[in-house]
Each structure stands twice: as C-alpha cells, then as structure tokens.
Amino acid sequence: MPYENLTTFFGRPVEDFQSGMEAWDVTRVVPRLRVEYDSEDTIPSMLGEYAALPAAEATDALVIGYWQGEDTSQEIVEALVSYAGRFPNLRALFLGDIVSEENEISWINQSDLSALWPAFPHLEHVQVRGANGLILGRFEAPRLTTLILESGGLPRRVVQEALAAGAPELRHLELWLGTEDYGGDSTPDDFADLFAGRLFPKLNTLALRDCAYADDLATAVAQASVLERVATLDLSLGNLTDAGAEALLASPGVAKLSRLDLHHHFLTDATMGRLERLGPAVDLSQQQQAEEYGGEIYRSIAVSE
Amino acid sequence: MTTASRPREPVRRTLHPQDSLAETGAGTVLDQLDMSRNRAVRSLPDGLVCHRILARESRLETLGRGIRCRELVLDGSAIARIEAGSEVGFRLSARACHRLAALPAGLRAGILDLRDCLALEALPPGLSPAFLDLEGCSALTALPDDLILRGGRLNIRDCALIPALPDRGSVAQLDIAGCGRIDRVPEGFRVTSWIDVAGSGLTALPPHLAGIGVRWRDVPVDERIAFRPHELGIAEILGERNAERRRVMLERFGFETFMAAANAEELDADHAPGGERRLLRVALDGDEPLVCVSVGCPSTGRRYFLRVPPTMTTCHQAVAWTAGFDDPADYAPLVET
C-alpha cells in the first residue's frame, strides 16, 4: 500500500515527462518526473530539462515519482529550489508518487523540505509519501489549503512541525500516523492544540489516518472543540474498535459532521449499525478481524511497511 | 502520449578509466559525459556543451575554455583550475578537491557544494546560489562581501577562520557549527527554518530569528540547551526521552557537573570496549528512582546515558536490558561497534 501510481493530480491527468522531450502541454496534463531503477536519468537532470521548456513557467502542478531507492529526496528538493525561478506559478506538489512495487512506503527516504516553502510561496497542495528522514522545518505557507503526509510511521517531530505550520488557509490536514515499528511515535497529547481549535481556523477536513492508537485518538477527538469547525473527520486505516466508537457515538460534535470515514476498522456489526444511524455519512467498509497468535490479540493498521 | 513531442534519444558518453577524449572536437554537444574515475583525461575540449558532466575521482586538472553545462560533478578529482567563462547553470559539486584554491568569477550555479576543499582560500565575487556548502573548507578566510544566498542553505560548518556572515540574504538552513569567530547574525540575513550553532560564537538567538529551530551538530535542541545549559535541571536531563538530545544536554551541562550536582549513587562499575561503564542511581521526589547506565560508544567515543529500570544492579545487566535481553546471561556480544 499504496499500489497504484497517480492517474490524476490537482484536477488533471498525470503523464510522465521523459528525458529528451522538447515540448509539453501543461494546460492538459500534469508532468510526473520519475526514473526506472536501472536508469541513467536522474530527477534533478530531468527537472533541468523540463525547466528549460517554455511550459515550465505555466506549470501549476508537479508530481515527483520514483527515485533510486537508496537515495533520499534531498537532491530533488535542492533542484526544485534551485529552479524555483522557472516555476513561478507552482501551486501543487506531490513528492513521492511511489507505489509498493517500486519501494515500500516505510523505505522511502525523504529529506529536509524546509527550503521548499520560501521558494514556492504559492503552494496550495503539498503531498508527501514516506517519512524516513522527513523534516518539514518551521515554515510559513500562506496559501496552503491541503497538507497530506502519507507514511507507515510519522515521527512525532514531524507531526509537531506540521501542526506548527504558519498555514492560515489550511482546510485539509491529513496525517498517516502509522506504527512505532516504523518511527511513528506520536501520541494523542501531540494533538492537544489542534483539538482545542487553536490551529488552522479554516480547517474543514481532519484526517488522522492509519493510527495504531485509534481508540485513544477517537476518544480524544470526540470531545474536541475542533469538531465545531470541521465537516469531515477521517479516522480510517487504523485499528479502531468498539471502545473508540463508543466515544464517537457519545459525541454531539461527531453527530453533527457531514462525513465520518472509519473504513478499515475492527468494529462489531452492532456498533456499525449504531454508527450508521448517528447522522453523518459514514464509511464503514473494510471491516477487519483481529488475529490471535500465541494468546496475543493483534489488530493491524492498514499501512505500516 | 499525445500531448508531448516524441522524446529525442539522449546522447550519452561513458569514458572508462583509460579512455581518452581525442575524437571529441570543439562544438560537441552531449547530454551526459560520465568520466568518473578516468585516469587519462586532463582537460575537457574547449567549447564542450554537455548538460551533465560526471568526473568524480578523475584526473581532470582543468576544465577547458568555454565549457557549458547544467551540472558538473568533480568530487575527489584532481581539478586545480576552473576557467573564467565556464557556465554551470544548476549545480557544481567539487567536494574534497584538494588542489582547488580558487573559483572563477561569474559562476551562476544554484547549488555550489565545495565541502572539504582544504586549499580553497577565497570565493569569487558575484555568487548568488540557493545552496552553498563549504563545510570543512578550513583555509577559507572570509565570505565575499557581495554574496547573496537565495533561499536554500549556507553551510560553513568548521570554517573556523570565517569572521562574519553576509549582511543580507535568506536561507532556510544555516550551519555555523564550529565557527567560533561568528558571534552575530546580521539583521538583513534571514533564516527561516533552522540554525546549527554548536561551538559558534553566538551566545543567544538573535531577535529576528525568534522561533526557528536550533541544532547542535545536527541534533535538534532548544535555546536553553544551546545557550543557557546551566538552567537545565538534573531531572530534566535524566528525563529526556531522546538519547541524542540527552547526550547534548549532558555535554552542554557538563558531565562532571552533572555527576556532582545529581549526587548520584554508584551501584556498579566495570569496563567494556567503549570504556568505563557506570551504573548510577539518582533518587527523585515523587517518582521512582532514576537509574542510568553510563556507557561509551566504541566507534565514536561519545558517552551516552541510557535510562534503565530501577531494578538493575549491574552495568552488564543494564546494558543487556537496553539490547532487549531480560536475562543478562543471554547477552554476550561478540563485537561492539
């Protein structure tokens, strides 16, 4: 997981830009730069070729796909910043459209992205897959509306950096928290300011997904004043059980949501029935069964390795 | 694929260690020339246009006149001179080029990586890169007056002779660790994300950098650890969960000071490949006692304090516990690295 490369991004189809191409119709398709595992190409050199095209200046969205597995994204990030003057209209960036066949999510080596923010002040949509070595830094992103960090384990330090973002326009916050086995060491306490409504005044979608402490997280968010602000709460891909669902069921804030996404969960049929009658449109697909090995009960989140 | 023209086949040349470039004349245009570890070529042909020149660990001594490229990688090569008028548009990487004493004026590369160029004494005027890495350029006596950083990084770690930062510019990341003469960040010099201050002359974070991350040789710390370590409390140091951060706290607070101030009781002591090990116990009000084992890393020589359960009675038992062994008899490492 994830298994499929992007087919669309920022509302338009995605196609691969290839070394040697001498034109690009940026109005119709979003370019994706990626290499094959045995390729002589590098993404920085492809970016240099793309940046030399007239299309670069009008490019509003860019997807970076697979880079050589053992490398980090550092050279790519530095190339983006170095060529930033050629991309004055960049509004959306996906860094790591990499599927499990190419490299497992927890093996993707990211890097310090802090130089991207001042270089691309018009960014509205930033999506990153993989959290090894990921640093967001302290940043101001005045136009950012969507921040998505997909991982098999999101370090608490990165959670803190995301929540400290100067992003007054943020509407969609999506964090895949993952498991401690892959560096995901956040706790419900890390979200105290967010839940208390002290961050992101325009937040509309709160997605804390793939959480290995989903019951504790659901209990904490169920009483949170941030629910007065958001329309969609997404706690999908985690290990939610009836214990966490009880807190959601008892919450007036949850009942008033328009959408509640809990898909991939460990709820009983009875609890699912009660959630369906709660009010919000609720996604309860992918009901999971706990597994037992040697007397221990295991409830796995959807994305770890 | 309907939107874009058919890709042109890239023109790439690879030179093996003994290959020469004899047949490549002036005016040649290549996408890539890979002559890494080549022993035969001393100079590139005048007027060569090549998007990407890879000459790592080669015997290349000079570039040739009028070379134009986007990316030039000379790491570990014999390069001694880069001719004036050379165009490098994107990235010049010349790490550990020990014969390189100077660079020409007019370099426009957005990324300049010159780490460990031990002979480099000065930089030319007119540089405005986004990323400038000069770590370990210990002969460099100053940064150019007109240097302008464009948003990325300035890394002058261990450039101990450099007395001052540029008056203006903006970077996300600033590394001045080991720059003992640098005691201020000019107001016109912006840093947006983090600053590494270990061993620099800074004694406080300047007001215009309030709120940015502070690092101590790569370890994220805070202003107190970096600038006011005497304010740290013993319990705070022992209670720090992150081992790297705790190491820096101890180092800043002072190991001996810590031992004395904490009034630690020694439960056990012995010797291991990393040096002396001690098992220390500190009683804490309102909490179970803190028991820590003090160990040295055999590779780095750094000393670490690792918290262990208060039931531990010997260094060996405690170290075994940190390696995941409940029964110390099961823990017998062959080699420690």
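Going by the structure above, here's the rest.
The rules behind the values
Residues numbered from 1 in each chain as written. Chains lettered and ligands numbered in written order. Predicted model: local features only at pLDDT ≥ 70, side-chain atom pairs only at ≥ 80, totals over all residues. Helix = DSSP H or I, 4+ residues; strand = E, 2+ residues; numbered from the N terminus. Rg over C-alpha atoms; globule rule 2.2 N^0.38 Å. Buried ≥ 20, exposed ≤ 12 C-beta atoms within 10 Å, placed from the backbone. Pairing = 2+ DSSP bridges. Axes fitted to C-alpha atoms, helices over the stretch in contact; angles between N-to-C directions. Contact = placed C-beta atoms within 7 Å. Nonpolar A, V, L, I, M, F, W, Y, C, P; charged D, E, K, R; others polar.

Peer 1: Looking at this structure, how should I read the overall build of chain B?
Peer 2: What chain B contains, in helices and strands, is five helices and 16 strands. What you see for chain B is a C-alpha radius of gyration of 26 Å, clearly larger than the 20 Å of a compact globule of 337 residues, by over 25%. Based on the C-alpha atoms only, the size of chain B along its principal axes is roughly 80 × 50 × 50 Å. Counting every position in chain B, which comprises 337 residues, the buried fraction comes to 40%.

Peer 1: How should the sheet that holds strand β7 (residues 131–133) of chain B be read in this particular structure?
Peer 2: To summarise the sheet geometry, strands pair through backbone hydrogen bonds and adopt either a parallel or an antiparallel arrangement. Ordered by their spatial adjacency, 12 strands build an open sheet running β1-β2-β3-β4-β5-β6-β7-β8-β9-β10-β11-β12 (chain B), and the pairing between neighbours is mixed. Each of the sheet's edge strands pairs with one partner strand only, and the pair in question is β1 (12–14) and β12 (219–221) of chain B. Between one strand and the next, the sheet's axes are offset by a mean angle of 25°, whatever the strand orientation. Pairing of strand β5 (residues 87–93) of chain B with strand β6 (residues 111–113) of chain B, which is carried by three bridges, proceeds in the parallel orientation. Its bridge partner being in β6(B), B:Leu92 is matched across the sheet by B:Leu112. On top of the sheet, helix α1 (residues 43–51) of chain A reaches β3 (49–54), β4 (68–73) and β5 of chain B; it is set at about 165° to β3(B), its chief contact.

Peer 1: Just checking my understanding: could you explain the sheet that holds strand β8 (residues 172–178) of chain A for this structure?
Peer 2: All names here are of chain A. The 12 strands lie next to each other as β1-β2-β3-β4-β5-β6-β7-β8-β9-β10-β11-β12, forming an open sheet whose pairing is mixed. A strand with exactly one partner marks an edge of an open sheet, and here the two such strands are β1 (8–9) and β12 (281–283). By the bridge criterion, three bridges tie strand β2 (residues 12–16) to strand β3 (residues 30–33) in an arrangement that is parallel. The residue bridging Glu 15 from the neighbouring strand is Pro 31, located in β3.

Peer 1: Would you take a moment to explain unusual backbone geometry for this structure?
Peer 2: A negative phi angle characterises most non-glycine residues, just as the trans form characterises most peptide bonds. Here A:Phe10, not a glycine, exhibits a phi torsion of approximately 55°, which is positive. Tracing the chain through its elements places A:Phe10 in the loop between β1 and β2. A:Phe10 gets classed as partly exposed once you count the C-beta atoms within 10 Å, which come to 19. A positive phi is found at B:Arg37, a non-glycine position, where the angle reads about 65°. Here B:Arg37 lies in the loop between β2 (29–34) and β3. Judged by C-beta crowding, with 16 C-beta atoms within 10 Å, B:Arg37 ranks as partly exposed.

Peer 1: How should I be thinking about the interface of chain B and chain A in this particular structure?
Peer 2: By convention, interface size is frequently given as the accessible area that disappears when the constituent parts associate. If you look at the interface, chain B gives 31 residues, while chain A gives 25 residues. Elements represented by at least two residues in the side of chain B that touches chain A include exactly β3, β4, β9 (169–175) and β10 (189–196) of chain B. Taken together, the residues of the side of chain B that touches chain A sort by class into 11 nonpolar, 13 polar and seven charged.

Peer 1: Looking at this structure, I do not really get α1(A). What am I missing?
Peer 2: Because each turn of an α-helix spans 3.6 residues, side chains separated by three or four positions end up pointing in the same direction. The element α1(A) is extensively covered by neighbouring structure, given that nine of its nine residues are classed as buried. For α1(A), the complete set of buried residues consists of A:Ile43, A:Pro44, A:Ser45, A:Met46, A:Leu47, A:Gly48, A:Glu49, A:Tyr50 and A:Ala51.

Peer 1: Looking at this model, I keep getting lost on helix α3 (residues 243–253) of chain B. Mind explaining?
Peer 2: Those residues of α3(B) that fall on the buried side of the exposure criterion are B:Arg246, B:Val248, B:Met249, B:Leu250, B:Arg252 and B:Phe253. Within two residues after α3(B), B:Gly254 carries a phi angle of roughly 105°, on the positive side.

Peer 1: What am I meant to see in the pairing of strand β14 (residues 275–282) of chain B here?
Peer 2: When a strand is regular, its side chains alternate between the sheet's two faces. Residues and elements named next belong to chain B. Bridging between strand β13 (residues 265–272) and β14 involves seven bridges; their strand directions are antiparallel. Bridge pairing in β14 places Ala 269 opposite Arg 278. Where β13 folds back on β14, the antiparallel hairpin that results is connected by two residues. By the bridge criterion, five bridges tie β14 to strand β15 (residues 290–296) in an arrangement that is antiparallel. Across the sheet, residue Arg 278 finds its bridge partner in β15, namely Ser 294.

Peer 1: How should the environment of B:Cys50 be read in this particular structure?
Peer 2: All names here are of chain B. By the element assignment, Cys 50 lies in strand β3. Distance from Cys 50 to Leu 33, taken between C-alpha atoms, is 7.0 Å for residues 17 residues apart in sequence. Setting aside chain neighbours within four positions, we find Cys 50 in contact with Leu 30, Gln 32, Leu 33 and Cys 69.

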